[in-house]
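Analysis of the macromolecular model
Here are the chains, one letter per residue:
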Amino acid sequence: MAASTLSRRSFVGLAGATAATALLARFGIVGDIEFANADETTFTYAIAGDPGSNVNPVTTSDRFGLMTLKLLFAQLFTYRADGVHFYLATGYDESEDHLEFTFHLREGVTWSDGEPVTADDVVFSYETIRETPVADAYSSLNYGDQGKVLVEAIDDLTVKFTFPFVIAAALEQLQGPDGVYIFPRHIYEGIEDYENTDVNKNPVGCGAYILDDYQAGSYIAFRANENYFDGVPGPSYVVYQIITNENSGMQAIQTGAVDAWIATAAQVQQMQIEANGLTVNPYTEGRVAYIVINTKLVPDINVRKALFYSLDREQIALAAVLDPNYYDVEYTFLPTNSAYYNADAVEKYERNIDKAKELLAEAGQPNPTFVFGYSGTDSLQTNAALMIQRNAKEAGINIELRGVESSALSKAMKNADDKEYHITFGGYIMGIDPDSYTPLFASGSPSNYAHYDNAVLDDLFAQGRIETDIEKRHEIYDAVQAEIADQATHYQLYSNHRLLITGPRVKGLEDAKLIPIFTFEDVNKLQIG
Amino acid sequence: MAKFILRRLAVAVPIVLLISIIVFALMRAAPYDAVDAMTTPRMSEETIAAIKAKYGYDQPVYVQYFGWLEDVLQFNFGNSIVTKQPIAQQLSVLIPHTMMLVLPSYLTAYILAIVLGLIAGSHRGGKLDHIIDGIASVLIAVPTFWLAMLLIFVFGYTLRALPFIGMQTVGDGSPLDILRHFTLPYITLTIAFLPDNLRYVRSSTITQTTQDYVQVQEAFGAKKVEIMFKHICRNVLGPVLTRLGMAVPLLVTGAIITESIFSWPGVGPYFINAIKGLDYPIVMAILLLSSTLTILGNLLADVLCAIADPRIRQGVR
């Protein structure tokens, strides 16, 4: 009897404790989930990852972190495929020797705490990044033994940048790989670790939005900056809703739970686009997908060329992306929207099985076997790899497919002593100016995935970097494109479009402009309702 | 009893330590690290080296491990390498979210399992048993992610009756709104937890009904209901109670798939992202927590068992 009483008591006690924990969880610890300010002009964008609450203008380099930064802070200017757009700056003057760039700042711009934005803040921002090796844009402002970019305030509204030598793509350098955001000296001065500071929880910026609420793993909400220098933002709130599961994201956009979501072409085919009033907005990110051959493992140029002649770009691109409306076929390392793109300058390796077999016979390798590494979790790469395997087989080339984790693949690609993969799949959003692609081809660079030293290319890239005459630069980069194709190391396939699905409430996409990485250039120019 | 608990806790320490060494070694044996996953072709070698040094990757693995251990012994779980967030702070927000989902689901499944298991076991071979056992067999074969997607499709997409993203509507956050968001993941998890427990209770009940003491009771003319509630129940619920103890680690890692599908801001998506990005401080913290809870849960199970069964209690003393 005593035992049964004890047992019952302990059971009741346990149940009581668990119920109390649930109540605590609900009303105590989880109490801070109120965000009661959203209204009918709130724009909700589903993102596939959590940017975290330590997004900062110095070290952040991931897509969702950068999307957050772009709302909170402003740049002097942006440099895109269609040219320069001014934000905090109203314009710039370039010295005759192309070494000095003097930017003029907007008058009357204030930080979100009310303090004025001055040239001193610009100097502080650039100098901080230049002196912080872990900063995202550190390499854009430092040139090793050749020197660094100097920045000085001429007066409250004028800033001068001085380069140590002539760089034709100076504007792109000043923009950094993902933008250089201006942040206030009076808030950030003295901070040593930008990745772990309370300032990141309440950032002070001068962007179109102000951080309103962040819920780990759930959402990040921004309210409009009524004093934004480019006018009052359209959406009064912007919410990045974190949805990591693709299937859930697809249902969320279709039910109107979110206003925008990024889909793949296969997902678009599965969705009820019209019935749910959705719009598919394809746009290019300038990401050229390519295969690259490790020349240390495949030193014979004829064998490399044979592989290229066995491939059919159109077939591969269609197999990968599934819809011809959602990709551009690519022939050179530059995307089609680059000013220096010139497919006529290169050997395109149009499919020719006979020629492929001939080259293999010449090389004495009629049936070579290659191991092909690609990201196994990327459906586009997986589909493309299968088609490449099928194409190559017709010329007698055996391809062993090896789908692996993308980071592991990327590390193997950088390893010059890698013996595992003859061929790998590449593709990255590099930049606007051809100069930013240099690391992919420069001798000794870890991102030179073909692992070859090519003095001709090194010389051409060096010339292109300092040549300020546009016509001459075109000639140089035509030669670069031709040389890369002739070496048969990189075979460009396609640049797939990013597919932004928007709900019926979203208008003004043309003004907000779709751009790589960030999705929107000016999300504040959207109209919701 | 106190001695027994202390002895068990003392044994637990080296086990947790061993688990931490194995997990750390496995994480570091991967062909890349968290910084590799973050670097881009546009970063200079200098920048990549500086980032690696910042997170200690330039040190030998054992130095990294002892550095981590030293921090943990001071209750400092460190920061995420990828998002830079303090891990303890993040977990203090995420674990209650997970508990909020797992606790009610598990208790519902547990109570349902006891009731249905006793009914099925006491009607062994009968119609009711066939129906209950049949349902359990089907449910045990249903993958959680599939069930979740089915519920989303029916209640979220087709009927548009219930929300299925996150824990609240941004801009609402009222108890009713949270309850609506809670419904679908709660049903999913309850169904996920149910069949296993149900079959356990059923088989325990069947075992008990064939025991000699039941036949003796029957011979003395005791009623079936009386035998069930006075004798069988008591003997079945003892071991069933211990399952409650063993379920303790579920409070942290019990809803990984469900949380990911419903974008529930719990430990699940956080843990999955950390594993994908080889963000070892997060993975280590969660595994340390869950292995500690497993050990404590087992201890709790033993204690509950001892409390419920005087024979075991005598043995412990």
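Cut-offs applied
Residues numbered from 1 in each chain as written. Chains lettered and ligands numbered in written order. Predicted model: local features only at pLDDT ≥ 70, side-chain atom pairs only at ≥ 80, totals over all residues. Heavy atoms only, no water. Helix = DSSP H or I, 4+ residues; strand = E, 2+ residues; numbered from the N terminus. Buried < 20%, exposed > 50% of the residue type's maximum accessible area, 1.4 Å probe, protein only. Contact = heavy atoms within 4.5 Å. Lys, Arg positive; Asp, Glu negative; His and termini not counted. Charge placed at Lys NZ, Arg CZ, Asp CG, Glu CD. Rg over C-alpha atoms; globule rule 2.2 N^0.38 Å. Areas by Shrake-Rupley, 256 points an atom, 1.4 Å probe, with all protein chains shown as cover. Pairing = 2+ DSSP bridges. Axes fitted to C-alpha atoms, helices over the stretch in contact; angles between N-to-C directions. Buried area = accessible area lost by both parts, 1.4 Å probe. Salt bridge = Lys/Arg side-chain N within 4 Å of Asp/Glu carboxyl O. Polar contact = N/O pair within 3.5 Å; in protein donor to acceptor, adjacent residues only side chain to side chain. Core = buried A, V, L, I, M, F, W, Y, C linked by side-chain atoms within 4.5 Å. Domains from an automatic or database assignment. pLDDT = per-residue confidence, 0-100. Parallel < 35°, antiparallel > 145°, perpendicular 65-115°, else oblique. Left-handed = near helix turned anticlockwise from the far one by under 90°. Phe/Tyr/Trp six-rings, centres within 6.5 Å; stacked < 30°, edge-to-face > 60°. Lys NZ or Arg CZ within 6 Å of the ring centre and 35° of its normal.

**Points about the overall build of chain B**
Looking only at helices and strands, chain B has 15 helices and zero strands in total. Overall, the C-alpha framework of chain B stretches about 85 × 55 × 35 Å when taken along its three principal axes. Here chain B holds 317 residues, and the buried ones make up 50% of them. Contacts spanning at least 24 positions in sequence make up 76% of the contacts within chain B whose residues lie at least 6 apart. Each charge class in chain B can be summarised by its mean position, and for the 23 positive and 19 negative side chains these summaries are 10 Å apart.

**Some thoughts on the overall build of chain A**
A count of helices and strands for chain A gives 16 helices and 24 strands. The globule rule puts the C-alpha radius of gyration for 529 residues at 24 Å, and the 26 Å found for chain A is close to it. Principal-axis analysis of the C-alpha atoms places the extent of chain A at approximately 85 × 80 × 50 Å. For chain A, the proportion of its 529 residues judged to be buried stands at 57%. For chain A, the proportion of contacts with a sequence separation of at least 24, taken over those separated by at least 6, is 69%. As displayed, chain A has an accessible area near 20400 Å², and 48% of this comes from carbon and sulfur atoms. Of note, chain A has its 36 positive side-chain charges centred 8 Å away from the centre of its 74 negative side-chain charges.

**Some details on the environment of A:Gly176**
One can find A:Gly176 in the loop between helix 5 (170–175) and strand 9 (181–182). As for A:Gly176 and A:Tyr138, which are separated by 38 residues in sequence, their C-alpha atoms are 8.0 Å apart.

**Brief notes about the sheet that holds strand 8 (residues 158–162) of chain A**
All names here are of chain A. Strands sit in the order 5-6-8-7 across an open sheet of four strands; the sheet is antiparallel. Looking at strand neighbours, the two that pair on one side only are strand 5 (89–94) and strand 7 (150–155), the edges of this open sheet. Pairs of neighbouring strands in the sheet enclose a mean axial angle of 25 degrees, with direction left out of account. Where strand 5 and strand 6 (residues 100–105) come together, five bridges link them in antiparallel fashion. Counted as the bridge partner of Ala-89 is Leu-105 from strand 6.

**Focus: the interface of chain B and chain A**
Facing the 64 residues of chain B at the interface are 71 residues of chain A. With both sides pooled, the region where chain B packs onto chain A buries about 5600 Å², and carbon together with sulfur makes up 61% of that total. Sorting the residues of chain B by area buried against chain A places B:Pro41, B:Arg42 and B:Val170 first, and these three jointly supply 14% of that buried surface. At the boundary of chain B with chain A, the tally comes to four salt bridges. For A:Glu195, the salt bridge is made with B:Lys54, and the minimal N-O distance between the two is 2.7 Å. Connecting chain B to chain A are 14 residue pairs in polar contact (both at pLDDT 80 or more).

**Regarding the nonpolar core**
One finds A:Phe43, A:Leu76, A:Tyr126, A:Phe161 and A:Leu174 to be the most contacted residues of the largest nonpolar core, which totals 161 residues. Here this core takes 16 residues from helix 5 (residues 87–122) of chain B, the largest share from any one element. Residue-level mapping places this core at the junction of two domains, with at least three residues from each of domain 1 (11–71 + 207–283 + 498–528) and domain 2 (74–182) of chain A. Excluding residues within four positions of it along the chain, A:Leu76 makes contact with A:Phe86, A:Tyr87, A:Leu88, A:Ala89, A:Phe103, A:Leu105, A:Val122, A:Tyr126, A:Phe161 and A:Ile182. Core analysis: the next-biggest nonpolar cluster, separate from the first, contains 71 residues, A:Ala320, A:Val346, A:Leu359 and B:Leu184 among them.

**Comments concerning the confidence of the model for chain B**
Within chain B, residue pLDDT values average 88, and 98% of them lie at 70 or more. Our summary of model confidence lists the complex with pTM equal to 0.87 and ipTM equal to 0.84.

**Points about the pairing of strand 11 (residues 219–224) of chain A**
Residues and elements named next belong to chain A. Within strand 11, five of the six residues are buried, leaving the element largely enclosed by the surrounding structure. Bridge count between strand 10 (residues 209–215) and strand 11: six bridges; the pairing is antiparallel. Bridging from a neighbouring strand, Leu-211 pairs with Phe-222 of strand 11. Between strand 10 and strand 11, which pair antiparallel and follow one another directly, the connecting turn spans three residues, one of which, Gly-217, has a positive phi of 75 degrees. The sheet contact formed by strand 11 and strand 12 (residues 237–242) spans five bridges and is antiparallel. Along strand 12, the bridge assignment pairs Arg-223 with Tyr-237.

**Brief notes about the packing of helix 13 (residues 267–276) of chain B against helix 14 (residues 280–308) of chain B**
All names here are of chain B. Following both chains from N to C, one finds helix 13 and helix 14 inclined at 130 degrees, their axes separated by 8 Å at the closest point. Relative to helix 14, the element helix 13 lies oblique. Helix 13 and helix 14 meet at a crossing whose hand is left-handed. Between helix 13, through Val-267, Tyr-270, Phe-271, Ala-274 and Ile-275, and helix 14, the contact on the second element is made entirely by Ile-282, Val-283, Ile-286 and Leu-287.

**Examining the packing of aromatic side chains**
Given two aromatic rings, their pairing is described by the distance between the two centres and the angle made by the two planes. For the structure on display, the rule yields 39 aromatic pairs over all chains. On the numbers, 5.6 Å between centres and 70 degrees between planes, the contact of B:Tyr65 with B:Phe66 is edge-to-face. If you follow A:Lys70 out to its NZ or CZ, it ends over the ring of A:Tyr87, 5.6 Å from the centre. Sitting above the plane of the B:Tyr200 ring, B:Arg243 keeps its charged end 4.4 Å from the centroid.

**Digging into unusual backbone geometry**
All names here are of chain A. Positive phi, close to 80 degrees, is recorded for Leu-322, a residue that is not glycine. Here Leu-322 lies in the loop between helix 10 (313–321) and strand 16 (327–329). For Leu-322, a relative accessible area of 36% puts it in the partly exposed group.

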